[in-house]
Structures are given as C-alpha cells and as structure tokens.
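Inside the fold
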Amino acid sequence: MINGISYLFKLCWKYKKSSIVYLTLESICKAFLPLLLIVFPKILLDELFGSQRMNLLIIYVVILIIVTVFGNQLADFFHTRYFIKKMEVSNIFYLKVDEKLMNVELRCMEDPDFLDLRYKAERFMNADGYGFGGILDKAANLISHIIVLLGIVGVIVTLSPIIVLVFVAIIGLNAFMDSKVKKMNIKLDLERPKYERKLAYEESICGEYRFAKEVRIYGLKKWVLKKIGTQNKILEDFYAHINNNTLKTKTVANITSGVQLTVTYLYLIHGVINKVFGIGSFTMYLNAINSFTASVTSIMETVMEIRNYSQYYTYLERYLNLPEMKDLGGKIEAAPIEIEFVNVSFCYPGQEKYVLKNLNMKIEKGEKVAVVGENGAGKTTFIKLLLHLYEPTEGKILINGRDFRDISYESYYQLFSVVFQDYMLFAKTLKENVALDKAEQMEDEQIVENLKTSGFGERLATLPNGIQTQIYKEFDESGFEPSGGEGQKIALARAITKQAPFVILDEPTAALDPKAEYEMYQKFHEISKGRSAIFVSHRLASTKFCDKVFVFDNGVLAETGTHDELMENKGKYYELFTLQSQYYI
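What you see is a predicted model, and the numbers here were worked out from it, not measured in a lab.

Tyr7 and Phe124 are the most contacted members of the largest nonpolar core, which totals 59 residues. Those elements giving two or more residues to this core turn out to be α1 (2-15), α2 (17-48), α3 (54-103), α5 (112-126), α6 (134-157), α7 (161-207), α10 (279-310) and α11 (313-320). Contact partners of tyrosine 7, with chain neighbours within four places excluded, come to Phe93, Phe124, Met125, Tyr313, Leu316 and Leu320. Formed by 37 residues, the second largest nonpolar core is a distinct cluster that contains Val434, Leu460, Leu463 and Phe480.

What follows deals with the sheet that holds strand β4 (residues 394-399). Taken in spatial order, the four strands make up an open sheet running β2-β1-β4-β5, and their pairing is antiparallel. Every interior strand has two partners, whereas the edge strands, β2 (356-363) and β5 (402-403), have only one. For strand β1 (residues 339-346) and β2, the ladder comprises five bridges, and the chain directions are antiparallel. Note that in β2 the partner of glutamate 340 across the bridge is lysine 362. Against the sheet, helix α12 (residues 379-386) makes contact with β1, β2 and β4, and its axis sits at roughly 120° relative to β1, the strand it touches most.

A separate point is α1. Side chains three or four residues apart in an α-helix point the same way, a direct result of the helix having 3.6 residues per turn. Look at α1: 20 Å from first C-alpha to last across 14 residues, which is about the 20 Å you get at 1.5 Å a residue. Among all positions in α1, only Gly4, Ile5, Tyr7, Leu8, Leu11 and Cys12 are buried. For α1, the buried positions fall inside an angular range of 160° around the axis, keeping them on one side. In α1, the exposed positions angled more than 90 degrees off the buried face are occupied by Ile2, Asn3, Lys10 and Lys14.

Below, the discussion takes up unusual backbone geometry. Backbone geometry places tyrosine 472, a non-glycine residue, at a positive phi of 70°. Note on placement: tyrosine 472 falls in the loop between α16 (457-462) and α17 (484-498). We classify tyrosine 472 as partly exposed; its relative accessible area is 22%.

All right, on to a nonpolar patch on the surface then. Taken together, the side chains of Phe9, Trp13, Val21, Leu25 and Ile28 make up a nonpolar region of the molecular surface, amounting to roughly 430 Å² of accessible area. At the level of secondary structure, the elements contributing two or more residues to the nonpolar patch comprise α1 and α2. Per element, the largest residue contribution to the nonpolar patch is three residues, and it comes from α2. Its place among the elements puts isoleucine 28 in helix α2.

As a further point, take the packing of α3 against α11. For the pair α3 and α11, interaxial distance at closest approach is 11 Å and the crossing angle is 55°. The angle between the axes of α3 and α11 places the two elements in the oblique class. From α3, Phe93, Val97, Lys100 and Leu101 reach across to α11, where they touch Leu316, Tyr319 and Leu320. Taken together, the residues of the contact of α3 with α11 sort by class into six nonpolar, no polar and one charged.

Turning next to the confidence of the model for the chain. Do not read the predicted coordinates in detail wherever pLDDT is low. Taken as a whole, the chain shows an average pLDDT of 80; of its residues, 89% reach a score of 70 or greater. At the low end of the mean pLDDT range in the chain sits helix α18 (residues 514-527), at 68; at the high end sits β1, at 94.

All right, on to the pairing of β4 then. Where β1 and β4 come together, five bridges link them in antiparallel fashion. Paired with phenylalanine 341 across the two strands is isoleucine 397, which belongs to β4. With two bridges joining them, β4 and β5 adopt antiparallel strand pairing. The partner of isoleucine 399 across the bridge, within β5, is arginine 402. Counting the residues between successive antiparallel strands, the hairpin from β4 to β5 contains two residues, one of them, asparagine 400, with a positive phi of roughly 50°.

With mixed pairing, the six strands of this open sheet are ordered in space as β6-β7-β8-β3-β9-β10. Each edge of the open sheet is held by one strand with a lone partner, namely β6 (416-419) and β10 (556-561). With direction set aside, neighbouring strand axes in the sheet form an average angle of 15°. Contacting β3 (368-372), β6, β7 (502-506), β8 (532-537) and β9 (548-553), α12 runs over the sheet at an angle of about 150° to β8.

Moving on to the layout of surface pockets. Empty space within the largest pocket amounts to approximately 1700 Å³. As for the largest pocket, its lining consists of 37 residues, and the residues nearest its centre are Val418, Phe420, Leu436, Arg494 and Lys498. Looking at the lining of the largest pocket, the elements that each hand over two or more residues are α3, α4 (106-109), α12, α13 (409-413), β6, α14 (430-435) and α17. No other element matches α17, which puts five residues into the lining of the largest pocket. Looking at the lining of the largest pocket residue by residue, the classes come out as 24 nonpolar, five polar and eight charged.

We now examine the packing of aromatic side chains. Aromatic ring pairs: the centre-centre distance and the angle between the two ring planes describe each pair. Considering all chains together, one arrives at 15 aromatic pairs under this definition. When the ring of tyrosine 412 is compared with that of phenylalanine 416, the centres are 5.2 Å apart and the planes differ by 50°; the resulting orientation is tilted. Neither residue differs from the other here; tyrosine 412 and phenylalanine 416 are each classed as buried. Aromatic side chains phenylalanine 416 and phenylalanine 502 sit 5.4 Å apart centroid to centroid with 55° between the ring planes, which places their arrangement in the tilted category. Note that phenylalanine 416 is positioned in strand β6 and phenylalanine 502 in strand β7, a separation of 86 residues in sequence. Judged by relative accessible area, phenylalanine 502 falls into the buried class, the value being 0%. Lysine 357 extends its terminal NZ or CZ atom over the ring of tyrosine 354, reaching a point 4.0 Å from the ring centre.

On to the side chain of lysine 548, then. With respect to the element layout, lysine 548 can be found in strand β9. A polar atom in the side chain of lysine 548 sits 3.3 Å from the backbone oxygen of lysine 362. When residues no more than four places from it in sequence are discounted, the contact partners of lysine 548 are Lys362, Glu367, Lys368, Val369, Ala370, Thr560 and Gly561.

The rules behind these values
Residues numbered from 1 in each chain as written. Predicted model: local features only at pLDDT ≥ 70, side-chain atom pairs only at ≥ 80, totals over all residues. Heavy atoms only, no water. Core = buried A, V, L, I, M, F, W, Y, C linked by side-chain atoms within 4.5 Å. Buried < 20%, exposed > 50% of the residue type's maximum accessible area, 1.4 Å probe, protein only. Helix = DSSP H or I, 4+ residues; strand = E, 2+ residues; numbered from the N terminus. Contact = heavy atoms within 4.5 Å. Pairing = 2+ DSSP bridges. Axes fitted to C-alpha atoms, helices over the stretch in contact; angles between N-to-C directions. Expected span 1.5 Å × (residues − 1). Arc of directions from axis to C-beta. Patch = residues over 30% accessible without salt bridge, like charges linked within 9 Å, V, L, I, M, F, W, Y side chains within 5 Å. Areas by Shrake-Rupley, 256 points an atom, 1.4 Å probe, with all protein chains shown as cover. Salt bridge = Lys/Arg side-chain N within 4 Å of Asp/Glu carboxyl O. Parallel < 35°, antiparallel > 145°, perpendicular 65-115°, else oblique. Nonpolar A, V, L, I, M, F, W, Y, C, P; charged D, E, K, R; others polar. pLDDT = per-residue confidence, 0-100. 1 Å grid on protein atoms, 1.4 Å probe; cavity = no way out; pocket = protein on both sides within 12 Å on 5 of 7 lines; lining within 4 Å. Points joined across faces, edges and corners; volume = space filled by probe spheres on them. Phe/Tyr/Trp six-rings, centres within 6.5 Å; stacked < 30°, edge-to-face > 60°. Lys NZ or Arg CZ within 6 Å of the ring centre and 35° of its normal. Polar contact = N/O pair within 3.5 Å; in protein donor to acceptor, adjacent residues only side chain to side chain.

Shown next, in the form of structure tokens:
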C-alpha cells in the first residue's frame, strides 16, 4: 500500500512540487472545519441557555460564518490549484506511458497478457475512475480524517474514556468483517479485466465503421448482441458476487450501528437529566460521537480502497519495467546495404514450434529479390525479423557484415522504406500521410510528384483540396475514404518519400486490380532504382522483375534462384507458379 502512494508522491514532487503543497493545505482545511462545527454549537447553546448576551451571540455567529465560508473557499481554492497541477503531472506521466508503448517490444503488444497488464496498470493510475493519482487524493483524505478523529477523541474523552473504547471495539469488529470481504472482492476484481476487454471489443463491433459493412450485409445484429449479452452476464455475475459479499458487511455494520446509537443516546440523556452536563455539551458530545463513527468508518473505507487499488501497483511496476527496444548501438551509414541471415530461427515466446528454422540467405547490395510462398510459410515473420521488430530466437542478422543488434534502432530504421500489406493511414491530411513528421519541411511539389510516381496522380487531380485533403471523415466531413488500392498507393508514396536505401514491398498488389498491378510491376524498378529491394508476394508474376527469388515453405527456405532457374528445377516454385498460371491462360 505504501509503495503505491510513495510512487505517486515522488512523481508529483518530481514534476510539480506545488501540487503536494496545495494538497497538504487542502487536507488541513478539510480537517479544521468539521472540528469547528462540533465545538462552536456548544458555545452558542451555552450562551443561549445561559446569559443570553446578544452582542456575544452575534459575534459568535459572525465568527462561525466567516470562518466557515473562508475555510470552505480556501479549501476549494487549494483543491482547484492542486487539480490543475496534478493534471500537469498527469500529462507528463501519460506522455511517458505513450512513449513506453512505442518503445516496448512488438511481441508484447500482440500478447493478451500484456493487454491485461496494461489495463490493470491503468486502473492503479486512475483509481478505477477517480482520475489520475486518485489513490494519492485518498491518502490525503485519510490524513484529514485522522486529524479530525484525534480532535473528536479529545472531545469524547472528556465525557468518558470507556465510551471511546466501546466504540473502537464496535468499529474494530466492522473493520475485521470488511477486511475479509474486501480481500475476497479484490481477488474477484483481478479476474475482471480480461472480461471487460472482451466486452469492449464486442461493443466496438456495433459502433465502429470497420465492422459496419459485415454486420449489415451478413445480418449479424442478433449474433453480435448475443455475444454482448453473454459478456454482460459474465460481468453481472462478478458484480453480483462482489455486492453479495459487501451486503454481509453492511448487515453487521447496521446492527452494530444500532447498538452504538442506543448506548449513545441513553448515556447522554442520563447525563443531562442528572445535570452532569447541559444542552450545549449534549449537542457537542452527540455531534462528536456521530462524527467519531463517521470518521473511523471513512478511515477504514479509505484504507481498504487504498489497499484495493494498491494491489494494482505491482502491475504498474511490471508494466513500466517491460523490456524496451533500447538504442544501445551505434549508427550506420545510409548507403546501399547488404543483408545476411546466418542460421536464424524464430519461435514466439512460450511456444515450442518454430515459425522460421535455420534460415541462411544473403541479399547483395543493390539486388532486387522476391520472397514468395503460401500463406503461413514464414514470409511476414521474415520481414519482421529483418526490420528488427522481432529478435531472432537463434542465429544473427548481419547488415554490411555487422550484427544488427549493434546498430541503434533510430539509425537502423532509417535504412528501410516499407509498404506493409496491412498498412495504416491516419485521419490527417494527404500531405501528412505521405511526409509524416517531415510534412512542414517538405515542398508540396515533391509530395505531389511522389504521389504521381506511386500511381495516385489521377485520383489526386479529383480532390478539391489536393494534398491538403483530409483522409477519412472523423474530423472533416469533406474528407475522402480511399479504396484499398488508393490507400496502398498513398502508402507507397510514403515509402518513396522516405528515400531509404532499402525498399520493402509487402504484398503491394494485394488490393490492386490487374491494370494497377501491372503498373506496379512497371514502377517497381523505378521505385527501387539505386536501392536494394524486397518484393514479398504470393502472386508469382512479380518474380520476373527480380534478380533472385527466395521460396519459403513451412518456415524454411526451400529454394533460391532466378525465375528461370527455379522453373527448370521443377520444385516448390515450379509447382506454385504452374498452379497460378492456369488461371491466366
């Protein structure tokens, strides 16, 4: 519990010390006002039932009003300032979390355990809906309650120390029951994230555009709603179990509360009747006893809440310590490059089956190669290894004879321009999608030229705002929705714009019609002129434009050679090419 609070305290102190100062001052104000409202009514009532001096009564009331109003205003001021400073810390922290996400190894982002871990870590930071640093806020409230409690105990002890002990015993019983139930609920709560993520996904099928066509065309409404209903039922059972547990503690608390009220009123009435104390003291003690119970209950609840969400601190710690892609290597010159795989094997963590096994291959400087094979042959994994998105399980990858682990990520990624099969466009202008972070530095004419080179020229001419046209309609109703082929041409223009010495086209013709595919092959040499290039495809017509062909089959490199050589060998490549060619003859 202390670790979680300490982490947030250090975070706020590091970036905005004033946030801690404002939080402390707010806590003091919150503690002072309740004590004032317990003691001051006694003074007023004693004067009313005593001397009834009007001038003193007016002074007391004015002081009470001024202190109450000023105290509340001051607490609100400190709270507002703290909230603003805390948000500044929050923005800094979440920028670091976003940076962490972009630095974490790619395999983590594909791992369901990582997604659950991220969800639990965020629950600690947001205290399950209370906002960033909510646990630190609760810790400050806890301090306020303790200060109030100490003041109240000081008042009640003047009545009877035994009463205090009785109430502490009653509250201790409640706390014991509450603690047991909270532990059970925390255990349940830790199982909940995976079901909440599943529900969020099922609900996204209803509301996201990418699913809308399939849902309507295939009449999936009832099917989707049924899936959502199933997930809702699972979560309903969680909440029902938790609430049933909570009901048990509330039942005990209600019974003990009744006992406490009975003891309180009988004892105080007895004191007034026997003239042990007056009406003013009766009111003060009654307020103090009720506040005592409320304060102790609040303290116990706050402690349990802090304990509850502090359970998630371990997940935040694990999340922040996930392995990152560290730039420990040096730079490499962006020149024509040679790539060699030496006994490279890869399998996903926790799995025994190798996706690639004993891969030995070499791509010479300036060479254009095709990587072909059926789905699942290992082509995509090969590209991810080459791009240093995955680390080889065994073997090494050499760039100009140098182990790619010895090259910094920043320098390494400058070597490659890539068009992925599952490329992504952003809801930004066409210019920003092509030039990305260099959009402000690049001339419009160059971007237009690159779009024409990629085959997007004709479509560009129809866009009223040219390269300033917004892609997609999320933020601009006049934006346009590119077709699959158009999107691929934009992604290709992006790769051309980067001007990297090595070009990778991953299934670039997958979304193109035959005419556009033919044009793509014609442009391939132009796009890769003076560079090394890899053309990944399951359409084997592309291989005629390449210097060499690598044929993948079930995770191994089955054949290597030119198109003509492989056709003469009549092996796997010949089988695939012959099978495809019959559809075009």
